[in-house]
Each structure stands twice: as C-alpha cells, then as structure tokens.
Amino acid sequence: MGEEEIRDDGLNNQKETVELASESAATEDIDMNQAEDSNAEEEDDDDDDDDDEEEEEDSEEPYTLRFEGDIDPLALTEVDAFGVEPYECLERMENEYEALAAKKRKANLSYNHEGMPPEKKLRQEDFPGANFEELLAEMTYGMRRKRKIKKRGRRKGSKRKISPEITRKLGDATLLYAHGRYEEAIPILREIIRVSPNLPDSYHTLGLIYNAIGDKMRSVNFYMIAVHLTPKDASLWKLLVTWSMELGNREQAWHCLDRAIRADPEDVSLRYHRASVHVELGNYQKAAESYEQIWQLRPKNVEALKTAAMMYQRCSQHERIVSILEEYLRKNPKDADLSVVQLLASMHMLGNAHDKALHHIEYAQHNYSAGKDLPVELLVQAGICHVHLGTMEKAQAFFGVFTHETVNDYSHLIIEAADSLMIAKHHESALKYYLMLEGNDGVNKGLLYFNIGRCYSFLSSTTQAIDYFYKALHEREDNIDARLELVSVLLLVDKEDEAISVLSPPSDSESRVDGTSDADGVGVMKPWWTDKNIKLKLCYIYKSKGLTEAFVDAIFPLVRETLFLETIQRKVRPKKKLPKSELHKRVEVLDEHQPDNLFQGFRPIASSSDLSKASRAKKLLRKKAREREERRAAALAAGVEWHSDESDDDSPVYREPPLPNLLKDEEHHMLIVDLCRALVSVQRYWEALEIITSTLKLAQNNLTTDKQEELRSLGAQIAYNIDGPTNGWDCARYIITQNPYSFAAWNIYYKIMLRSRLDKHNKFLLEKLAKHEDCVPALLIKGHVFTMHSQHQVAARYYLKAYRLMPENALLNLCAGTALINLALGLRLHNKHQCVLQGLAFLYNNLRLSDNSQEALYNLARAYHHVGLISLAATCYEKVLTIHQKDHPIPKLPNDGLQPTHDLKPGYCDLKREAAYNLHLIYKNSGAMDLARQVLKDHCTL
C-alpha cells in the first residue's frame, strides 16, 4: 500500500513536470531568440541573408510534439497515469506550447530594428517619406543596403542528430523483433525511449511487438505516441482508424480520421468515411459539407455532388443547393451530367421558380444533348413548369410521352404530372392522367381513387365522386381525408343520414380497438373514428340537424380533454422535467469510452445539440443525487428512517391535446360557445360551467369581447339556476361590473346571493357603492341585507337614499315605509310617533302609486295591525275583501327557464284569504267570536 502511494505521488509530480516543461521550453526559446537579437547586429549582412532564408523555411513547418525535461513517455502508456486522461495531458502539452510559441512570434514582431517597443514604434503610413535622421545618415556614411529584419525561429540544421549508440540499439531491437524475440527487444526499446524520447521509430517498433504478442490495446497506445511524433504519417493514422473501430472506440477513431484527413487531404475514401459517420449521427450539415469537399477534390464525381445536395436539402438550405449545382454547370458547359440538371430543376420547382427550372432544361436540350432526346424525367419536368406558368398547350405537348403502352414504365411520372395539374386546378386534365393508371397494379390504389374522386368532386360529378371515394375507403378504411371528402359530397346532395353513418364508429368498434396496429406492426394506432377531424365533422352535422344531445356527446369529450391538458401543461411548463431514464439515456453519449484505453478525452461522436443535452442531463443527475444525499443525511440526523423515493424523477408523459388550436381559432371559439349553450339547454350545468371557467382562464387574450361576454352571461345564468356555483358568482360579478345600473343584472346577482352567506358579498357591494353612489339596485340590495339582519335603522338609511333618486318608485316607498314601521317598534327610539307617521306616509304613497291595488291596501292594513291600530287595520282588511284580484303570470328574468305552473290553483294572486285570516284574529281578540267564525266561513273554507 505504501509503494502505491509513493508511485502516485511520483506520477503527480511528473504531471506537474509535464505542464511546466512545455512552458519552460517555450520560455527558453523566447530568451534565446532575444539573445540572438542582441548579437544579430554584429553578424555580416550576407550571413544574415542566408540565415533568414533558412529560418523562413523552418518557420513554415507545423508544430510537432516533443518530450522535453524529465518527462517519461513510458508513464503515458499506463492507464490513468497522471490521475487524468493521458490523451488530455498530451493535448495540453501541444496546446500550451503552441500558445507560447505564438506569443513568442508576436513578441518578436513587436520590436523594430531599433529595439523600440510596439506602442512607441512610428507608423510608416504617418511618415511616407524618409525622415531627417535617415537623410543625414546617408549623406554622412554614404548609401548602403538596408538590412532586413531578421526572422525568428530555429536555424536550419539545428535539430539533434541521433547518436550512433541509439542507432545501433534501435537496429538490434529491430532484428530481435524480426526474429520473434520480443521479450529481449522490449527492454532495449524502453531504454531507447528513456534516452531519446522523441524518436518515433522506437514507439512504432514497440507497437509492432505488442501487436504480434496480441496486446492490441497497448499496441494502439504506442502507435498513438508514434503518430503524434510524426503527424504527417497518413498511413499510420489510417491504420489507427481501423484499429480503433475494431476496439469499439468511436471517439478515438473519429479523432484519428480527422488527423488522417489533415495528413492526406487528397484521400477521398477518408472523407467518404467521415461523411457517412455524419449521416449516421444525423448531422446532415457537416455531412453535406464533407460531400461537397469530395466533389471539390474530384470535380467529376457527380454522385458526391448529388449526395451533398440531398444532405443540404435535409437542412433546408435551398439556396446552397442551387449554388453548388449551378457551379457544376458553369464548370461543365458542354458535357454536364443531365441528372444534375434534373436535380437543379427540381430544386427550382420546389421554390416555385418554374421559369428558372425551365430555362435550365431548355439550355440542357440545346447544349448537352444536341440532336438527342432528353430523358423522360426532364421532359415531364418541363411540362410541369409549363403547367405552373400557364402555357397548357406546351405542357400537353411534353406530356405526350405518356401513352397506354408506357403507363407501366412511367407511372410515377404520370402521378407527378397529374398532381401538378390538380394543384393548378386543371381538374379535367388531371383526371385524364389519373384514369390512365386505374388498371395499373404498381400504384397506390387507395390514393389513386382518392385523387380521382377529388377531380370528380371539383367537376361537380357527385355520383362518380361518391363511387371513387367509397373505393378509396374499401382499399384503406382509415383514410381520414377520403372519408371527410366523401361526407362533404354527401352533404351537398342532402344525404345527412348516410354522412353520419360514414363518420360513425363501426358496430364492432370495441373489439377492433385492441387489435389495431400500425403499418409496421409496432405499437397501437388510434382507430379512425377517434380522429379529431372526424368528430368535428360529425358534431357540425348534428348541430345543423338540431340534435343537441348527439352534438354534445360528440364534441364535449374532446373539448374537455383539451382544456384539461392545456391547464395541466401550463402549470408544469416552467418546471418541465424529463424522466430519469431519459436523462441516463442522454448521458450515454458522454460515457462511450473504454476504461483500459490509453488515449481518451476525445470529443464524443454526436451532434452539438445532442452533446449539449447530454451535458445538461449529466449536471441535472448530479444535482438530483446531491439533493437526495442531503435529504438522506438530514433524515438520519433527525433519527428518522430514510426511504429513498424517486417517484418524482419520472414526470408524466405530455400528450398533445385532441384539438391543439381550440383556444386560437375563431371557429373553435364559436364551437365552445355553441357547446356551452347546448349543455345549458340539456341542463348539464356543471359541465357547462367547467368549460366556461377553463376557457375564460386559458383563452382570455384570444377570445373576443363578445365571446367573453356571452360566456360570462351563460355562467351567470347557470349560477342563477343551480346552488353553490362559486365560478357562477364570478360571472355575475363581472356582469355587474360591466353593467352597474342594470336591474336585470342585479336581479340575477341578488338571487345567487340569497343562496349563500350574505356577509360574503358585503365587500363587493361596498366597492360598487363607493364607485357608484347613485346606483339604486345596489342601495336597495344593501337595505334588504340589513333588513334581514333586523338592522332597520341602517336599512332605512339606504332605502331613503334610493328614494331620493327614484321617489316615484312603488317598491322603494314600500321598503322605506316598512323599515320605518319596524324601526318605530324598537326600544331606543325616542320619536316613535313621528317615525310611525313617516312610515305610514310612505305606505300611502305606495298605495297611490299602485292605483289602490289589493296588495298595497293589504300592506297598509298589515302596518296598522303591526303597530296596534286595530280599528284602522280592520277597515283596511275589509276593503281588501271587497276587491277582486285577477291572476297574473309570475314574473321571471330573461334567463329563467320554464317553471312549472300547472300545480297553481286559480286565485293564487288573490289576498282575500290572508286578509280574512288576519281580520278574524282581530275579531277574536276583541271578543266577537261569531264575527270571527263568519269571516273564516265566508273566505277561508273550500
């Protein structure tokens, strides 16, 4: 154990040596170059010229890895040599030395021949002519050749020569390898590496020996060091590409492949390999660039050019495709490949540049195939271009290549031509070409019948259209478009029942749901009758026929599920989590390495987006693990048993709503309003209120003002009809806010208010009265609230405020009079008689405004009876008994539904029975028992 710790410390020290060696070497180079600057002035000018030429050649050589100082390259062959990846250590050495070397070159160029620092050096453009000192020097010493600025760098021939001893030992090791004496050769080569670590032959020979022994991994490690010492050896890079792929190390193979291409840029096979890897990974942009580079190296390789165009098309780079294809045509003005012309024409046609496509086709006909017929594909493309340009005569001439004899050979071209005619609304011509393929077994019959049916539909041939749509459904019953088109045609001929049968699920739908699978047999497909477009079409048919319940049953589940999913996803969208399994799957991109491989730390072979996702997933997993450990430690510290619960790691699967545009389209907004109306009409109030609440919450910024008002009105109506609707109160309050002086709105609100605790509405009423002091309905309702709490003095104050605003209102006079009468019976009031008189005055005013009606007279008698004026009360009751009151309809609000009135008996508006009963009480209390019995007998018996 102690020896291992000592070894680790030595390796860590060696790591520091590696990091410092490159820096010290580059620093020594800078110091040596600066020393050469100070001695350069003493050298001869001719020698300077010769040295400059040698140094200029040497400065162009690329940087090559060199082991300097106390670095032991053999330690790099041990896995985890420095506690970090060995490849990263080598890369750090290269990068640091290159950075210091670049800094050295920049420092050398920053000094002029006078030794001035760069910030004080005069610019030549500031003084375009010779200065005074130069002219004085020329006149004094004569003309002499100006000395060049010495270029810095290693002198030619300054490389270390291999000593004869090393050469002899290397030869001996090679002979031992040739004779198969590997165990004897290995110590010699290791000794050579320690003495001369920058000699690539020793690493190469060790790689051969370990490969012969069968240790492929160690062989690759020594080959990697050798190839880094000789980076221009393309053959060795290629060999390492193959071996790395055999070992399954894709990252290392990718690195070697990139270096091999740099070493041998003319090797097209390497570029093909790199492009294929990019395609496999889905990185089509880089794949397209690789194929384009292949074409640039081999201009006659048309397949590489077309493949590059296909890759660019996957990246939606239309302009780039056109650019490289037109560049090819410019480079080959006489013998261009016609397939490139066809591809270029297709790109222009996709961009609706049919005139440009036609120009290239005509140019190819005159220059590339003079005296020969163009391929049929180009002729058809020319015809399609003429169709879109409106020259149908020329288009029909090009389409003349289609005959009944060539139908089987050119079926795909016929479909393209017919589709173009269909898009250009030449349905009759399109129908002709579609019908040519009806007997061809090599085409998609379902799609063909569908297109034929569409043509007949556009030509108003409904009978033929219906027949072909049924044929298309017979070929493929889950063809949603064909089914919808068939229903549209059936509705045109008033066959609504048949249209409903086409859209309705089959009788065996329940048994067929479990066995339905997709075309590949993988997974389960949704049945066609559950498609949103099918259900939407069906619900519109039900609505047009007035089938309210069927309309609700068809569309309500879709709308409800859509609103539910939108609500859930909006709540969790800011904190959307991926399942833990998905995070681990993403992190696998970063974990593709071999622990026993020397050179690691390569960039994983994946697109930049996948690498970014993998990095974020790795950080998130670490964060979750850290949080889980913190919770575990806290639980153990608190003495609680720890149970790891990772259920929160798996978030629910987000489903797409059945109607994605429900909250965006005006048509769908109208559908929601119609659905709510239908739900109210069938008395499904809670479902309607749920839809209204969710819609107003989710689509507040998308709904028009009229739609919002209508939905809130429906919500208030629902709250008026059922008990306990909290959301209905919100709708009623909103209506009051928008219409604060509307008696109908306040009537709805007051009815809803009576079903709940009255104190819940005090704040709202006070707010409205603070904003609208002249709002009579609010004052009246506030007075009613205090009356129900027996606070008659406060109630009278609100009634009198309302009376000042509307003095001729009978209801306000009645309320004010009754409040004053009740107030007069209190114990704390001093002027009771005045208060009674005021109350009776308001009741008489009510009698006047009501034209001496039976109800007003009964209220006056009741007031006299209440304050103890028995004689006056008896007189008023007797007058009530003499009045005959007709029955009137019970008043109702505009939103009230039908109320049952069949159980009301005649005379339900007559108050004779109530007046007679009260009168008999007066007679009974005064001792007139016979009069009391007579009153009851005359008016209160059946």
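Residues numbered from 1 in each chain as written. Predicted model: local features only at pLDDT ≥ 70, side-chain atom pairs only at ≥ 80, totals over all residues. Heavy atoms only, no water.

## Let's talk about the overall build of the chain
Under the convention used in this document: Counting from the N terminus, the helices are the DSSP runs of H or I reaching at least four residues and the strands are the DSSP runs of E reaching at least two. A 1.4 Å probe rolled over the protein chains alone gives each residue an accessible area, and that area as a share of the maximum for its type sets the label: buried under 20%, exposed over 50%, partly exposed in between. Residue contacts are defined here by distance: any two heavy atoms, one from each residue, within 4.5 Å place the two residues in contact. Accessible surface area values rest on a Shrake-Rupley calculation with a 1.4 Å probe, where residue burial reflects the displayed protein chains alone.
Along the backbone of the chain there are 43 helices and zero strands. Within the span of the chain, comprising 942 residues, buried residues form 40% of the whole. Relative to all contacts within the chain whose residues are 6 or more apart in sequence, the contacts with residues 24 or more apart total 59%. Surface exposure of the chain reaches about 53,700 Å², of which carbon and sulfur atoms provide 51%.

## Here's the deal with the nonpolar core
To be explicit about the condition: Side-chain atoms within 4.5 Å link the members of a nonpolar core, which is a set of buried Ala, Val, Leu, Ile, Met, Phe, Trp, Tyr and Cys residues.
Among the nonpolar cores identified, the biggest contains 123 residues, and L325, F399, F402, F551 and I555 are the most heavily contacted of them. Among all residues touching F399, those that are not within four sequence positions of it are V380, G383, I384, V387, A417, L421 and Y433. Formed by 65 residues, the second largest nonpolar core is a distinct cluster that contains A819, Y858, A861 and C876.

## Topic: the UniProt feature "repeat: TPR" (unreviewed entry) in the chain
Rules: UniProt positions are given in the numbering used here, feature names are shortened, and annotations may be inferred rather than shown by experiment.
According to UniProt, the feature "repeat: TPR" (unreviewed entry) maps to residues 200–233, 268–301, 446–479 and 776–809 in the numbering used here. Taken end to end, residues 200–233 is 82% helix and 0% strand, and its first and last C-alpha atoms sit 11 Å apart. Between the end C-alpha atoms of residues 776–809 the distance is 11 Å, and the span holds 79% helix and 0% strand.

## Digging into the pattern of salt bridges
Note the threshold: Any Lys or Arg side-chain nitrogen located within 4 Å of an Asp or Glu carboxyl oxygen qualifies as a salt bridge.
Under the criterion given, the structure shown has 25 salt bridges. Of the charged contacts in the structure, one is a salt bridge between D215 and R218, with a shortest N-O distance of 3.3 Å. The class of D215 is partly exposed, set by a relative accessible area of 27%. Take R218: its relative accessible area is 25%, and that puts it in the partly exposed class. Here R274 and D258 are joined by a salt bridge, their closest N and O atoms 3.3 Å apart. Linking R274 in helix α11 (residues 268–281) with D258 in helix α10 (residues 250–263), this pair joins segments that are 16 residues apart in sequence. One salt-bridge network, held together by shared partners, links K543, D674, R677 and E710.

## Comments concerning the packing of aromatic side chains
Filter applied, for reference: Ring pairs shown here join Phe, Tyr and Trp side chains whose ring centres sit within 6.5 Å, with only the six-membered ring taken for Trp; geometry is labelled stacked below 30 degrees between planes, edge-to-face above 60, and tilted in between. Charge over a ring is defined by NZ of Lys or CZ of Arg lying within 6 Å of the ring centre and within 35 degrees of the ring normal.
Overall, the coordinates contain 15 aromatic pairs when judged by the stated rule. Arranged with centres 6.0 Å apart and planes meeting at 40°, the rings of Y177 and Y182 form a pair that is tilted. With relative accessibility at 25%, the residue Y177 sits in the partly exposed group. Accessibility expressed as a relative area gives 23% for Y182, which makes it partly exposed. Ring geometry for Y449 versus Y468: centroids 6.0 Å apart, planes at 45°, classification tilted. Separated by 19 residues along the polypeptide, Y449 in helix α21 (residues 445–458) and Y468 in helix α22 (residues 462–475) bring together distant segments of the chain. Accessibility expressed as a relative area gives 11% for Y449, which makes it buried. Its relative accessible area of 11% is what places Y468 among the buried residues. Taken together, the ring pairs connect F399, F402 and Y433 into an aromatic cluster. Between K216 and the ring centre of W243, over which it is positioned, the NZ or CZ distance is 4.8 Å. The ring of F556 has R684 lying over it, and the distance from NZ or CZ to the ring centre is 5.3 Å.

## A look at the packing of helix α39 (residues 832–849) against helix α40 (residues 854–867)
Stated precisely, the cut-off is as follows: For helices, the fitted axis covers only the stretch in contact; all axes are lines through C-alpha atoms, and the angles between them, taken along N-to-C directions, range from 0 to 180 degrees. Each angle receives one of four descriptions, namely roughly parallel if under 35 degrees, roughly antiparallel if over 145, roughly perpendicular if within 65 to 115, and oblique otherwise. The crossing is said to be left-handed when, going from far helix to near helix, the turn is anticlockwise and less than a right angle, and right-handed when the turn is clockwise. When residues are grouped by polarity, Ala, Val, Leu, Ile, Met, Phe, Trp, Tyr, Cys and Pro land in nonpolar, Asp, Glu, Lys and Arg in charged, and all others, Gly among them, in polar.
Axis separation between α39 and α40 bottoms out at 8 Å; the angle between their running directions is 165°. By the criterion of interaxial angle, the relationship of α39 to α40 is roughly antiparallel. The way α39 lies across α40 gives a crossing that is left-handed. Here α39 contributes V836, L840, L843, Y844, N846 and L847 to the contact with α40, which in turn contributes A856, L857, N859, L860, A863, Y864 and V867. Looking at the contact of α39 with α40 residue by residue, the class counts come to 11 nonpolar, two polar and no charged.

## Thoughts on the environment of I452
Within the fold, I452 resides in helix α21. According to the relative accessible area criterion, I452 is buried, its value standing at 0%. Along the backbone, I452 and A465 are 13 residues apart, and their C-alpha atoms lie at a distance of 7.4 Å. Once residues within four sequence positions are removed from consideration, I452 is found in contact with L431, Y434, L435 and Y468.

## Some details on α22
As a reminder of what qualifies: For a helix, the expected span equals 1.5 Å multiplied by the number of residues minus one.
In this model, α22 (14 residues) spans 20 Å end to end at C-alpha, consistent with the 20 Å of a helix rising 1.5 Å per residue. For α22, the set of buried residues is A465, I466, Y468, F469, A472 and L473. Where α22 is buried, its residues contact α20 (427–436), α21 and α23 (480–492).

## Let's talk about the side chain of H278
In this structure, H278 sits in helix α11. Among the residues examined, H278 registers a relative accessible area of 7% and is labelled buried. Filtering out sequence-adjacent residues up to four positions away, H278 remains in contact with W254, N283, K286, A287 and S290.

## A few points about the confidence of the model for the chain
Using the following cut-off: pLDDT is defined as a per-residue confidence score from the predictor, taking values between 0 and 100.
Per-residue pLDDT for the chain averages 76, and the proportion of residues at 70 or more is 71%. Taken together, the stretch residues 647–652 has pLDDT below 50 and engages in 12 contacts with residues farther than four places along the chain or on a different chain.

## Regarding α11
Its 14 residues place the ends of α11 20 Å apart at the C-alpha level, agreeing with the 20 Å of an ideal helix rising 1.5 Å per residue. Along α11, the positions that sit buried rather than exposed are V268, L270, R271, R274, A275, V277 and H278. Following α11 by one or two positions, G282 has its phi on the positive side, about 80°.

## Observations concerning unusual backbone geometry
Residue S790 is not a glycine yet carries a positive backbone phi of 60°. Tracing the chain through its elements places S790 in the loop between α36 (776–788) and α37 (792–805). For D851, which is not a glycine, the phi torsion comes out positive at approximately 60°. With respect to the secondary-structure elements, D851 resides in the loop between α39 and α40.

## Concerning the side chain of E292
Note on placement: E292 falls in helix α12 (residues 284–297). Using a relative accessible area of 9% as the deciding quantity, one classes E292 as buried. When neighbours within four sequence positions are excluded, E292 is seen to be in contact with A308, Y312, R320 and I324.

## Some details on the environment of A472
Tracing the backbone shows A472 in helix α22. Sequence-wise, A472 and K445 are 27 residues apart; in three dimensions their C-alpha atoms are separated by 7.3 Å. Apart from residues no more than four positions distant in its own chain, A472 is found in contact with G446, Y449, F450 and A482.

## A closer look at the environment of R298
In this structure, R298 sits in the loop between α12 and α13 (302–314). You can call R298 partly exposed: its relative accessible area is 35%. C-alpha of R298 to C-alpha of E266: the two residues are 32 residues apart in sequence and 9.3 Å apart in space. Not counting chain neighbours up to four residues away, the residues in contact with R298 comprise E266 and V268.

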